[in-house]
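Notes for the structure review
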Amino acid sequence: MKPYYQDKWVTIYHGDCREILPQLDVKVDLVLTDPPYGINLDLTWLGDLHANRHKPRNKNENKIEGDNGVDLEFLFEYQKRALWGHPYIYDANATGWLVWDKQPGLNDTDRTMTTPIEIASTTLWKGFRLVRCMWAGYLRDNGEYRFEHPAQKPQKVIDYIINKSEGLILDPFLGSGTTCYCAKKLNRYSIGIEIEEKYCEIAAKRCSQEVMELNV
């Protein structure tokens with residue numbers, strides 16, 4: 001299986017992660033990803049999962065319209081994981097959460113420019129952690145460039161998670177490539193998978209740029 005892009009630190013595959021992952025013979029230490037959710041994402045499969053584990057059906061397990069019923073159960077097979085999308089994507093075995101404050105210092109909550117927070121559930125730590133990083137329209141921390149992807153995460157929040165882990169990082173919903181770009185910047189190996197070629201192209205261009213690697 002030929003990578004779409006590859007260098008010393010990063011490997012990117014173009015295709016459906018559910019088809020590519022079974023072909024990868026690697027030990028993944030952390031799954032860090034922002035799966036598709038919120039539009040036609042069918043989470044009813046979680047009810048069956050909880051029933052099998054003798055757990056009550058969660059109130060969030062209703063069908064959310066829009067992402068063609070992508071079954072995300074395979075993500076929970078990885079022991080160490082950090083998954084954006086809580087509570088829409090509900091991890092019953094999560095031990096911690098990262099709250100991303102997207103509009104630090106905002107007092108007037110009636111005039112928010114975007115969703116004020118996003119939450120990732122994780123098994124990397126216990127309890128809640130908070131990262132403040134402005135990300136609203138043209139207001140972005142350090143003037144970070146916004147690529148043509150609707151769910152791009154800023155480097156600051158991705159860096160935080162990567163620094164709490166070790167080993168090879170996998171992002172099966174790579175999008176514009178922030179996970180792989182940050183991993184390379186922090187001298188970490190990563191694999192990214194993206195189903196849309198236009199985003200693969202963006203991710204590959206980002207990762208092909210020279211980054212200032214850490215001296216270790």
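Keep in mind it's a predicted model, so treat the numbers as computed, not measured.

Examining the overall build of the protein chain
- The helix and strand tally for the protein chain stands at five helices and 13 strands.
- Put simply, the protein chain has 216 residues, and 50% of those count as buried.
- For the protein chain, the share of sequence-separated contacts (at least 6 apart) that also reach a separation of at least 24 residues comes to 70%.
- Carbon and sulfur atoms form 47% of the exposed surface of the protein chain, whose accessible area is close to 11700 Å².

Topic: the pattern of salt bridges
- Taken as a whole and assessed by the stated rule, the structure comprises 10 salt bridges.
- Among the ionic pairs, Lys 102 bridges to Glu 118, the shortest N-O distance being 2.8 Å. On the criterion of sequence distance, the pair formed by Lys 102 in the loop between strand S7 (96-101) and strand S8 (117-122) and Glu 118 in strand S8 is long-range, its members being 16 residues apart. Glu 118 matches Lys 102 in its accessibility class, with the two residues each being buried.
- Ionic contacts of the salt-bridge type, sharing partners, join the residues Asp 34, Lys 102, Glu 118 and Lys 153 into one network.

Quick word on the environment of Trp 9
- You can see Trp 9 is positioned in the loop between strand S1 (5-6) and strand S2 (10-14).
- A residue is classified by how much of its surface remains accessible, and Trp 9, at 10% relative accessible area, is buried.
- Between the C-alpha atoms of Trp 9 and Ile 191, which are 182 residues apart in sequence, the distance is 8.7 Å.

Describing the nonpolar core
- With 19 residues, the main nonpolar core has Leu 32, Trp 84, Leu 98, Val 157, Ile 158, Ile 161 and Ile 162 as its most contacted residues.
- Of all the secondary-structure elements, those providing two or more residues to this core are strand S3 (30-33), strand S6 (81-86), S7, helix H3 (155-162) and helix H4 (178-185).
- With four residues, the top contributor of residues to this core is H3.
- In contact with Val 157, not counting residues within four places along its chain, are Trp 84, Leu 98, Trp 100, Val 131 and Cys 133.
- Formed by 18 residues, the second largest nonpolar core is a distinct cluster that contains Cys 17, Ile 20, Leu 24 and Leu 168.

Things to note about the packing of aromatic side chains
- Under the defined criterion, the tally for this structure stands at five aromatic pairs.
- Ring geometry for Trp 84 against Trp 100: centres 6.2 Å apart, planes inclined by 75°, an arrangement best described as edge-to-face. A residue pair is termed long-range when its members are at least 10 positions apart, and Trp 84 in strand S6 and Trp 100 in strand S7 qualify at 16 residues.
- Judged by centre distance (5.8 Å) and plane angle (90°), the rings of Trp 125 and Tyr 160 are edge-to-face. Of this pair, Trp 125 sits in the loop between S8 and strand S9 (127-132) while Tyr 160 sits in helix H3, and the two are 35 residues apart along the sequence.
- Tyr 160 gets classed as partly exposed once you look at its relative accessible area, which sits at 23%.
- Directly above the ring of Trp 84 sits Lys 153, whose terminal nitrogen or CZ lies 5.6 Å from the centroid.
- Cation over ring: Arg 206 sits above Tyr 181, and NZ or CZ is 5.2 Å from the ring centre.

Focus on the packing of H3 against H4
- Packing of H3 against H4 leaves a shortest axis separation of 9 Å and a crossing angle of 60°. In this view, H3 runs oblique relative to H4, as classed from their interaxial angle. Handedness of the H3/H4 crossing: right-handed. Within the contact between the two elements, H3 uses Gln 155, Ile 158, Asp 159 and Ile 162 and H4 uses Thr 178, Thr 179, Tyr 181, Cys 182, Ala 183 and Lys 185.
- Per-class residue counts for the contact of H3 with H4 are five nonpolar, three polar and two charged.

Each value, and the rule that gives it
Residues numbered from 1 in each chain as written. Predicted model: local features only at pLDDT ≥ 70, side-chain atom pairs only at ≥ 80, totals over all residues. Heavy atoms only, no water. Helix = DSSP H or I, 4+ residues; strand = E, 2+ residues; numbered from the N terminus. Buried < 20%, exposed > 50% of the residue type's maximum accessible area, 1.4 Å probe, protein only. Contact = heavy atoms within 4.5 Å. Areas by Shrake-Rupley, 256 points an atom, 1.4 Å probe, with all protein chains shown as cover. Salt bridge = Lys/Arg side-chain N within 4 Å of Asp/Glu carboxyl O. Core = buried A, V, L, I, M, F, W, Y, C linked by side-chain atoms within 4.5 Å. Phe/Tyr/Trp six-rings, centres within 6.5 Å; stacked < 30°, edge-to-face > 60°. Lys NZ or Arg CZ within 6 Å of the ring centre and 35° of its normal. Axes fitted to C-alpha atoms, helices over the stretch in contact; angles between N-to-C directions. Parallel < 35°, antiparallel > 145°, perpendicular 65-115°, else oblique. Left-handed = near helix turned anticlockwise from the far one by under 90°. Nonpolar A, V, L, I, M, F, W, Y, C, P; charged D, E, K, R; others polar.

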